[in-house]
Structure formats: C-alpha cells, structure tokens
Amino acid sequence: MSTTPRDPHRPVAHLRPPHNWINDPNGLVFHDGHYHVCYQYNPYGATHANLHWGHFRSPDLLTWEPLPIALSPTPGGPDTDGCFSGNAVSDGERLVAFYSAHREDRSFQHQPVTAAVSHDGGRTFTPRGELLIPELPEGCTMYRDPYVWQDGDGWRMLVGAALADGRAAALLYDSPDLETWTCRGPFAARRPEPVGDTGLHSGEGWECPQYLPAADGRGALIFGTWTEPTGPLRVAALIGEEHDGHFEAGPPVPADHGPDCYAPALLRAPGNRWLLWNWAWEARDEAWAVGDGWAGVLTLPREIHVHDDGTLRQRPATELLGLRGRHTLHSAGATDGPQPVDLGTVGRAFDLTARLEPTGNAALRLLTTPDGAEYLDIRLDVAAGDLVVDRDHASLDSRARGGSHRMPCPADRPVDLRVVVDHSIAEIFLTATGQVLTLRFYPTGQSPWLLQARTAPGTRLGFAVDAWELHPLMIKEPSAGAAVSAPTSP
C-alpha cells in the first residue's frame, strides 16, 4: 500500500509508522538480504513514553515491510520502563540486538546494556532477561546507547557516556563471543569544545556513538551532543585514526548543520558501503503533534564516508533516485534582478537539483502561499561564505518554529545543490563538499508551490534547476502476526 497520508505535514518518502511517536533509529543491520531498520516507538501515543523498538525491513530501501515490534519492556525486568537505544549485528543465522535498559528506579542517566536474540530473521526476539553488562565503569555520570560491530574474529562495543571529570566519552569494550565483555576505557573523551562555527559545543555527554572505521585513511566517530539542562542538541563527528584502542582526532565538526537532526545510526551495507540514518524531531508545539497523532520521522538514508581531504561527506543513498517520478520543472538562465524570476511549480514532495552561479547574494525561494506571505529561503551569503536556510516565514502557523541556519559554502565555484523536500522536512545537500542541513517546516499553503530565483541589487545569478515528483515509499501490508502496534494499554 502507499504511505500517502491525508495529513499535509506527514512525509511520504521518509520512514515512519502510520501513527504515534518515534525517535532514534536503532538496530540498523543488513541480514539475510534485507536492510533492517528499527526505531524508538511509543505504540500508545505521540509522546516520548513507553518506548519499544518498532521494526521495518527492505530489500532495496524503497519497499518496506513492517515486522512485529522487535523489543518490548519486560514487566519487572531490567528494561521494565523502556527499551532505549542501541544497535544490532548479524551473527550467522541470528540477529542480536543490544540496547539500553531503562528503569525508573535507576538514575535516568544510567541505562545499562542488555540484549535480545532473533533466530527467525527479526520476526521475534527473545530478550536476555538480565543485564549483559551489569556494572557501570567507575566515574560515569551518564551511560547509554551501545554500538556493536565485528572486528576480525572478535567484537567491539562503544557506549555513550559522561565522566565525573567533565569529559564526554565513548567507552570501548571488546568480546570474543558477544557474551563476555571487557571494558578498555575511553575510546575517545573530550571536554566540551566548539563544533566548527555553529556556536554550539561538543556536549557534556555523548549519545548514540557510531564508529565509521577507516578504509585506507581516516575514520569517524559520530555522536549526538548532550548537555544539561538542554538535553540533545546536534550531531557532531571527530575525524581521525585509531591507535591502540584510542581514537586520535582533530576538533569536532558538524555532521549535520540543521536544527532538527539527532541520534545518528550507521549500517554497513553490501559492497563496503556505509549508510547513515538520523531522527528528525518535530519543530512545532507538542500539542499540535499529539493532536495529529504522530511525531518524529527518520531522515533519508545517506551514503557516508571520510573523503581523502579529511572531511565527512554525505549524499542521499543512490537507491533513492528510484523515488523520482515525473520531471516537473526544468529552468535554466540568468537573472540580475531586481524582480524575482519564476522557475516553475512543485508539489509538496519533490527532489531538486540546482547549479547556482552568483556574483553576490542570491536565493532560491519556495513560496507556499499564493500571496507570497509564506516561504522557505535557501540563500547564498557570498560575503560570509555560507549557505543559509531561513524558515522564519516558512509557516503562517505560530506554533511552528522559525530561525535561520547556516553551513559553509565555497564562494569561488558554482554551487551544486540536491534538495529533498517531503511535506514537513527539507534535507539540503551541498554536492561539492558533502555537507547537509536538515530542518522541519510546516507550510499552510496548498500545492502547487512556486519556486523563484532572487538576487540582491546589482547581483547576477546563473541558474539551472530541475525537479522531480517524489514518490512515496511502498509499505507492504503486514503479514500474519506482524502487527505494528502493541496491546491496547501500556
């Protein structure tokens, strides 16, 4: 069945269940010919509570099959109040999920690691029933979110942490058999420090640490930055090399420049390709989301690698070109103002490429109401060397967040963009540098929307813009026993 919703803000080409709350992507693994994607899920409503693991699988990243809920809290067990974040590995015929066990009678900041095993391709998981790592290392003020990967004949694990000495950390464990784990201390640990030019710092603790190992040169440690009392902030990365169980890296850099992207999760795909998903949270009042009956969406899967120049680079997974439908817009030319140039119309879900050659400040504007009062701007600030995404006027509904957000953009060459807009999420990729900016916005205007090229006085803008309809993901009907909801009461 198609996922096309009646709700004008619910995305169609981004993965999420039909209803209720979701947050972090979890359990990402390629097993038995399928990509498995789990996610934090509240089966009972659109708020952060009653956390289970929902579960989809796909042979191609385009067609997805809902599987039964993978993990549910066990009454009286180590995870009685929630199965929080973690990952999964393929070990022969079995899938093994590792996750943070939450109990209200423990400190919220201390979520020990436990596990569950599936022998039927992820249709059912048997929980361990006790903690896998019962003792937390001394001096941890925060501890959660295991990430396990195979290393030669053995296994390794990172766990996100904050340390009593003021450092955020990713703690390293190793195991010969996925059962007995030995803590080797911090894989990386840093005191809070600036993340690029974002104005944010690297956090008092790290959540969802993910390790992108080096192919031939440098690798990356990717994590969510967490601080008190704000909580989750952004996704950052350290680029460097491992030496004797320690990751030696330069200063932290943004892994996404947008305000609505968190909880990174890696999947090692066939062909030694790495894919990254994130959680895109809502940028609107909670009551609005609860009223609509859903909150949260997963980002597009992104191919990710560390380039030869030491930068982290991302682009939409190649398979997503299969979601392109009718070629709805092609416009090429130049403008030197002062009047904007209408490039054409697009629907509420589209995939766009643009080459822009400005001599000064210029913009693409997506007008979402006929009178032009509501619009999303993608601006080139040539003097600052930035691309700016401005949503201050992107919704006439006062319950939606505004703000403008920047990522560095080289000013000495044409600017090539890939922009995917899906109802209430926009992911903007700078093709030349592999940077990305993710944000949510909530237009009130109805389709079609109008795209314009705009320039500052005295500025010339050369442009070539193409856009395609963005087809929905295909979500199969659940097979027998594959209910995607839990019992009717928590």
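Only a predicted model underlies this, so the values are computations on that prediction, with no experimental measurement involved.

Moving on, we get to the environment of Thr 126. Of note, Thr 126 is situated in strand S8 (residues 126-127). Residue classification places Thr 126 among the exposed residues on the basis of a relative accessible area of 55%. Separated by 56 residues in the primary sequence, Thr 126 and Ala 70 place their C-alpha atoms 9.2 Å from one another. In this structure Thr 126 touches Ala 116 and Val 117, once residues within four positions along its chain are discounted.

Now for the sheet that holds strand S4 (residues 63-66). One open sheet holds the 6 strands; their spatial order is S20-S1-S2-S3-S4-S36, and the pairing between them is mixed. Each edge of the open sheet is held by one strand with a lone partner, namely strand S20 (294-295) and strand S36 (474-475). Strand direction decides the pairing type here: strand S2 (residues 34-42) and strand S3 (residues 52-58), joined by 7 bridges, are antiparallel. Within S3, the residue paired with Gln 40 across the bridge is Trp 53.

Right, let's get into the pattern of salt bridges. Counted by the stated rule, this structure contains 30 salt bridges. Between Arg 315 and Glu 303 there is a salt bridge, with the nearest N and O atoms lying 2.8 Å from each other. You can see Arg 315 sitting in strand S23 (residues 312-316) and its partner Glu 303 sitting in strand S22 (residues 302-306), a full 12 residues away along the chain. On the basis of relative accessible area, Arg 315 is assigned to the partly exposed category, the value being 49%. Between Arg 418 and Asp 351 there is a salt bridge whose closest N-O contact spans 2.7 Å. Of this pair, Arg 418 sits in strand S31 (residues 415-422) while Asp 351 sits in strand S26 (residues 349-358), and the two are 67 residues apart along the sequence.

Our next topic: empty space enclosed by the protein. One way to see where empty space is left: roll a probe the size of a water molecule over the atoms. Per the stated rule, a full pass over the model turns up 8 cavities of 30 Å³ or more. Taken together, Phe 350, Leu 352, Leu 364, Arg 365, Leu 366, Leu 376, Ile 378, Val 419, Val 421 and Leu 451 make up the full set of residues lining the largest cavity. Every element with two or more residues in the lining of the largest cavity is listed here: S26, strand S27 (362-367), strand S28 (375-381) and S31. Of the residues forming the lining of the largest cavity, the biggest block, 3 residues, is contributed by S27. Partitioning the lining of the largest cavity into residue classes produces 9 nonpolar, no polar and 1 charged.

Attention shifts here to the layout of surface pockets. For the largest pocket, the calculated volume is near 750 Å³. Taken together, 36 residues line the largest pocket, and the ones lying closest to its centre are Leu 212, Pro 213, Arg 268, Asn 272 and Trp 274. Partitioned by chemical class, the residues of the lining of the largest pocket number 21 nonpolar, 7 polar and 8 charged. Taken as a whole, the second largest pocket spans an internal volume of roughly 500 Å³. Contributing to the lining of the second largest pocket are 23 residues, with Thr 198, Pro 254, His 257, Pro 408 and Gln 435 lying nearest its centre. Elements that contribute at least two residues to the lining of the second largest pocket include exactly strand S15 (231-243), strand S17 (253-254), S23, strand S30 (404-408) and strand S33 (435-440). At 4 residues, the largest contribution of residues to the lining of the second largest pocket is made by S30. In the lining of the second largest pocket, the residues fall into 9 nonpolar, 10 polar and 4 charged.

Counting 35 residues, the largest nonpolar core has Leu 356, Leu 387, Leu 417 and Ile 428 as its most contacted members. Excluding its chain neighbours within four sequence positions, the residues that come into contact with Leu 387 are Ile 378, Arg 379, Leu 380, His 405, Arg 406, Met 407, Cys 409, Leu 417, Ile 428 and Leu 430. Counting 30 residues, the second largest nonpolar core, distinct from the first, contains Leu 221, Phe 223, Phe 247 and Leu 276.

This part is about the confidence of the model for the protein chain. A residue-level look at the protein chain finds 97% of positions with pLDDT of 70 or above and a mean pLDDT of 95. This stretch, residues 1-5, has a pLDDT under 50; its non-local contacts, to residues over four places away or in other chains, come to 15 contacts. Note on residues 483-489: pLDDT under 50 across the span, and 16 contacts to partners over four residues away in sequence or across chains.

Moving on, we come to the sheet that holds strand S10 (residues 154-163). Reading across from one edge, S9-S10-S11-S12 is the order of the 4 strands in this open sheet, with antiparallel pairing throughout. The open sheet terminates on both sides in strands that have one partner only, identified here as strand S9 (140-151) and strand S12 (182-190). Each strand of the sheet is rotated relative to its neighbour by a mean of 25°, with strand direction disregarded. Judged from the 7 bridges that link them, strand S11 (residues 168-175) and S12 form a sheet pairing that is antiparallel. By the bridge assignment, Ala 169 is partnered in S12 with Ala 189.

Strand residues, when the strand is regular, have side chains that alternate between the two faces of the sheet. For strand S29 (residues 386-390), the tally of buried residues reaches 5 of 5 residues, placing the bulk of the element in the interior. Burial along S29 is two-sided: Asp 386, Val 388 and Asp 390 facing one way and Leu 387 and Val 389 facing the other are all buried. Pairing geometry for S28 and S29, over 5 bridges, is antiparallel. Residue pairing across strands places Leu 380 opposite Leu 387, the latter belonging to S29. Count of turn residues in the S28/S29 antiparallel hairpin: 4 residues, of which Gly 385 carries a positive phi of about 70°. Pairing between S29 and S30: 5 bridges, direction antiparallel.

Once that is clear, we can look at the state of the cysteines. Disulfide: a covalent bond formed between the sulfur atoms of two cysteine residues. Following the criterion strictly, the structure yields 0 disulfides and no others. Summary of cysteine pairing: Cys 83 is not part of a disulfide, and the nearest cysteine sulfur, belonging to Cys 38, is at 11 Å. No disulfide involves Cys 208; its nearest neighbouring cysteine sulfur is the one of Cys 261, lying 11 Å away. Judged by its relative accessible area of 4%, Cys 208 is buried.

What follows concerns unusual backbone geometry. For the peptide bond that leads from Glu 228 to Pro 229, omega is 5°, which places it in the cis range. With respect to the helices and strands, Pro 229 occurs in the loop between strand S14 (219-227) and S15. Of note, the phi angle at Asp 145 is positive, near 70°, even though the residue is not glycine. One can find Asp 145 in strand S9. When its relative accessible area of 5% is taken as the criterion, Asp 145 is described as buried. Phi at Ala 263 takes a positive value of approximately 55°, unusual for a residue other than glycine.

The rules behind the values
- Residues numbered from 1 in each chain as written.
- Predicted model: local features only at pLDDT ≥ 70, side-chain atom pairs only at ≥ 80, totals over all residues.
- Heavy atoms only, no water.
- Helix = DSSP H or I, 4+ residues; strand = E, 2+ residues; numbered from the N terminus.
- Buried < 20%, exposed > 50% of the residue type's maximum accessible area, 1.4 Å probe, protein only.
- Contact = heavy atoms within 4.5 Å.
- Pairing = 2+ DSSP bridges.
- Salt bridge = Lys/Arg side-chain N within 4 Å of Asp/Glu carboxyl O.
- 1 Å grid on protein atoms, 1.4 Å probe; cavity = no way out; pocket = protein on both sides within 12 Å on 5 of 7 lines; lining within 4 Å.
- Points joined across faces, edges and corners; volume = space filled by probe spheres on them.
- Nonpolar A, V, L, I, M, F, W, Y, C, P; charged D, E, K, R; others polar.
- Core = buried A, V, L, I, M, F, W, Y, C linked by side-chain atoms within 4.5 Å.
- pLDDT = per-residue confidence, 0-100.
- Axes fitted to C-alpha atoms, helices over the stretch in contact; angles between N-to-C directions.
- Disulfide = S-S within 2.5 Å.

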